[in-house]
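# Coordinate analysis (summary)
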Amino acid sequence: MKRREFIVNSLLTVAGTAVLGACGANDTNKQKKSGQTNRVVTRKFQHLDIPLLSFGCMRLPTINGQIDMEHFEKMADYAMRHGVNYFDTAFMYHGGESENALGRVLSSYKRDSFFLATKNPLRALTSKADVRRIFEEQLRKCRVDYFDFYLAHNISVLTIYNFRSFGVYEELVKLKQEGLIKHLGFSYHGGAELLEEVANEYPWEFCQIQLNYLDWTAMNVRKNYRILTKAKIPVLPMTPLRGGALTRLTGSAAAVLANEAPNDTQASFGLRWVAGRENNFTVLSGMSSLQQMEENVETFVNFRPFTKQEDEIAERISVILQKKGEINCTTCNYCVDCPRGIAIPFIFDAYNEYRATGDAEAFLKRYDSLRARQKADRCIKCNFCNEQCPQLLNIPPLLEKVEETLKNLRAQQAVK
């Protein structure tokens with residue numbers, strides 16, 4: 001990157017961070033006075049009022065494997081009517097169809113009425129020219145002439161070579177200077193060492209990371225959050241409910257929440273925890289139904305700041321969950337293109353539900369609903385899945401772990 005470009009962008013980032021300052025919810029009384037009590041609260045990002053709840057479009061409703069456009073349109077309409085006007089997608093979501101679907105839906109609204117974010121697919125790059133080529137394709141798919149927020153997607157040990165060798169940051173800066181990108185950031189799933197390096201190497205305006213009260217300690221996401229805060233990079237948190245796992249609490253974890261936070265649902269508690277981290281400017285939730293949208297909007301229309309006592313409750317629940325031995329899978333589905341056709345996210349989700357509930361019969365029933373070619377024992381350890389996993393999981397041994405658990409459960413049933 002040229003020195004002049006670096007200086008210009010550094011000034012932009014510093015100015016933006018200064019405006020962000022003590023990132024907190026706007027005065028809710030201001031909304032009440034204006035009669036906008038049915039709209040979610042907002043936070044400042046630079047000069048912008050961003051809804052504290054944002055719509056992630058990675059887990060859209062589907063029918064027979066295809067995006068259910070009628071349902072999606074209802075969700076988007078409800079979101080817009082309640083001030084949830086930040087939409088996040090990516091080149092690879094829903095097999096490349098999320099951007100198309102979002103473009104179709106948002107074309108019904110004025111361009112300045114919503115914020116649109118998408119991402120450069122670092123893994124798909126084969127040359128520097130791909131950066132602009134793919135970007136222009138994304139503009140066409142989304143039916144817009146600029147992106148409000150644009151990210152280098154999932155910088156990690158698996159993508160850092162493409163990111164650096166193809167000069168991705170420098171190419172994106174050029175697009176920003178042309179007015180095609182308003183705010184430039186990156187998403188990240190990995191460890192602290194690389195994050196610290198990347199965060200301080202470039203003048204980013206924001207960073208999107210996995211953030212929820214379980215992974216805060218279970219995956220030491222707390223360290224990543226603190227690195228970004230120290231670097232004065234605003235955080236855009238994703239997977240606030242750990243792919244839905246934090247809405248399926250059972251046993252002692254569910255009891256703690258029900259007894260000590262009776263005014264919250266499992267979802268609202270998790271969302272409010274994420275919103276309680278001061279360097280966050282919105283909470284990105286991948287909603288899959290209108291019901292989820294309505295419930296989440298309710299949380300942020302009648303938003304209650306998280307308390308120190310509630311932080312202690314979250315820590316207690318996290319300790320309980322970590323003892324259950326669940327697999328750190330967020331069902332992002334990046335690994336669904338397994339060459340063998342193994343249903344990896346489904347298998348891990350079923351296993352995690354079993355670890356949470358102890359319901360062996362339900363686990364076996366879910367697993368047996370798979371076709372033979374989709375099951376864990378078909379793994380040939382080609383490691384294709386490992387190359388796709390943003391959590392950097394070593395998936396083949398985990399499939400073996402699930403298979404061993406299944407064998408033990410079947411043996412126990414045979415004895416009964």
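Note that residues are indexed from 1 along each chain, following the sequence as it is written. Whole-chain, interface and lining totals are the exception, using all residues; otherwise, since this is a predicted model, local features are given only for residues with pLDDT of at least 70 and side-chain atom pairs are given and counted only at 80 or more. Note: side-chain values were computed over all heavy atoms of the structure, leaving out hydrogens and water.

### Section: the overall build of the protein chain
Our working definition: Secondary structure counts use DSSP, requiring at least four H or I residues in a row for a helix and at least two E residues in a row for a strand, with both numbered from the N terminus. Each radius of gyration reported is based on C-alpha atoms, and the globular scaling rule is 2.2 Å times the count of residues to the power 0.38. Each residue is assigned to one of three classes by its accessible area relative to the maximum for its type, calculated with a 1.4 Å probe on protein chains only: buried under 20%, partly exposed between the two thresholds, exposed over 50%. We call two residues in contact when some of their heavy atoms are within 4.5 Å. For the area figures, the Shrake-Rupley method with a 1.4 Å probe applies, and any residue is considered shielded solely by the protein chains shown. Charge counting treats Lys and Arg as positive and Asp and Glu as negative, with His and both chain ends excluded. Taken as the charge centre is NZ of Lys, CZ of Arg, CG of Asp or CD of Glu, depending on the residue.
Summing up its helical and strand segments, the protein chain has 18 helices and 12 strands in all. Taken over C-alpha atoms, the radius of gyration comes to 21 Å for the protein chain, in line with the 22 Å a tight globule of 416 residues would show. Along the longest, intermediate and shortest principal axes, the C-alpha atoms of the protein chain span 70 × 50 × 40 Å. Burial analysis of the protein chain (416 residues in total) assigns 56% to the buried set. Relative to all contacts within the protein chain whose residues are 6 or more apart in sequence, the contacts with residues 24 or more apart total 76%. Counting every atom, the protein chain has about 18,700 Å² of accessible surface; 49% of that belongs to carbon and sulfur. Separation of charge centres in the protein chain, based on 54 positive and 47 negative side chains, amounts to 1 Å.

### Structural notes on the environment of Leu249
Topologically, Leu249 is positioned in the loop between strand S11 (235–238) and helix H11 (251–260). Distance in space between the C-alpha atoms of Leu249 and Arg123 is 34 Å, their sequence separation being 126 residues. Excluding its chain neighbours within four sequence positions, the residues that come into contact with Leu249 are Tyr213, Ala254, Leu257, Gln266, Ile317 and Leu321.

### Describing a nonpolar patch on the surface
Definition in use: Residues enter patches when their relative accessible area tops 30% and they take part in no salt bridge; the joining distance is 9 Å for like charges and 5 Å for the nonpolar side chains Val, Leu, Ile, Met, Phe, Trp and Tyr. We define a salt bridge as a contact between a side-chain nitrogen of Lys or Arg and a carboxyl oxygen of Asp or Glu at a distance within 4 Å.
A surface patch of nonpolar side chains, amounting to about 260 Å² of accessible area, comprises Val157, Leu158 and Leu392. Looking at the element boundaries, Leu392 is found in the loop between helix H17 (384–388) and helix H18 (395–415). Among the residues examined, Leu392 registers a relative accessible area of 39% and is labelled partly exposed.

### So, the pattern of salt bridges
For the structure shown, the criterion picks out 26 salt bridges. When the shortest N-O distance is used, the salt bridge between Glu73 and Arg104 registers 3.6 Å. Within this pair, whereas Glu73 is found in helix H3 (residues 69–81), its partner Arg104 is found in helix H4 (residues 98–106), the two being separated by 31 residues in sequence. Judged by relative accessible area, which is 41%, Arg104 ranks as partly exposed. A salt bridge links Asp148 to Arg111, with the nearest nitrogen and oxygen atoms 2.8 Å apart. Placement of the pair is Asp148 in strand S8 (residues 147–155) and Arg111 in the loop between H4 and strand S7 (115–120), with a sequence separation of 37 residues. We note that Asp148, like Arg111, is buried. Beyond isolated ion pairs, a larger network of salt bridges with shared partners links Arg248, Asp349, Glu353 and Arg366.

### Describing the packing of H3 against helix H13 (residues 290–301)
Selection criterion: All axes here are fitted lines through C-alpha atoms, helices being fitted over the stretch that makes contact, and every angle between N-to-C directions spans 0 to 180 degrees. With respect to orientation, any angle under 35 degrees is reported as roughly parallel, any angle over 145 as roughly antiparallel, any angle of 65 to 115 as roughly perpendicular, and every other angle as oblique. Each crossing gets its hand from how the near helix is turned against the far one by less than a right angle, where anticlockwise is left-handed and clockwise is right-handed. For this classification, Asp, Glu, Lys and Arg are treated as charged, while Ala, Val, Leu, Ile, Met, Phe, Trp, Tyr, Cys and Pro are nonpolar and the rest, including Gly, are polar.
At their nearest, the axes of H3 and H13 sit 9 Å apart, and the two run at 15 degrees to each other. Taken together, the axis directions place H3 and H13 in an arrangement best described as roughly parallel. Judged by the sense of rotation from one axis to the other, the crossing of H3 with H13 is right-handed. Residues His71, Lys74, Met75, Tyr78 and Ala79 of H3 lie in contact with H13, whose contacting residues are Leu290, Met293, Glu294 and Val297. Grouping the constituent residues of the contact of H3 with H13 by class yields 6 nonpolar, 1 polar and 2 charged.

### A few points about the confidence of the model for the protein chain
Selection criterion: Each residue carries a pLDDT score, the predictor's own confidence in it, on a scale running from 0 to 100.
Across the protein chain, the average pLDDT comes to 89, with 91% of residues at or above 70. Between residues 1–25, whose pLDDT stays under 50, and residues either more than four places distant or in other chains, the model counts 41 contacts. Note on residues 27–35: pLDDT under 50 across the span, and 8 contacts to partners over four residues away in sequence or across chains.

### Examining a positive patch on the surface
On the surface, Arg340, Arg371, Arg373 and Arg378 cluster together into a patch of positive charge. By the secondary structure assignment, Arg373 is in the loop between helix H16 (360–368) and H17. Given the relative accessible area of 39%, Arg373 is considered partly exposed.

### Examining the pairing of S8
Applicable threshold: The pairing criterion is simple: DSSP has to find at least two bridges between the two strands. Seen with its strands pointing away from the viewer, a crossover is right-handed if its path from the first strand over the helix to the second goes clockwise.
Of all 9 residues making up S8, 9 are buried, and the element is well covered by its neighbours. Two strands pair when backbone bridges link them, and S7 and S8 are joined in this way by 4 bridges, in the parallel orientation. Following the sheet pairing, Thr118 is matched in S8 by Tyr150. Traced from S7 through helix H5 (residues 129–142) to S8, the parallel crossover comes out right-handed. Bridge count for S8 against strand S9 (residues 181–188) is 6 bridges, and the pairing is parallel. Note that in S9 the partner of Leu151 across the bridge is Gly185.

### Observations concerning H4
Most of H4 is tucked away, with 7 of its 9 residues classed as buried. Residues of H4 that are buried sit in contact with strand S5 (66–67), H3, strand S6 (86–88), S7 and H5.

### A closer look at the environment of Tyr213
Structurally, Tyr213 can be placed in the loop between strand S10 (206–210) and helix H9 (215–218). Taking the C-alpha atoms as reference, Tyr213 lies 6.3 Å from Ala314; in sequence the two are 101 residues apart. Look past the residues within four positions of Tyr213 in its chain and what remains in contact with it is Leu246, Leu249, Phe269, Gly270, Trp273, Ala314, Ile317 and Ser318.

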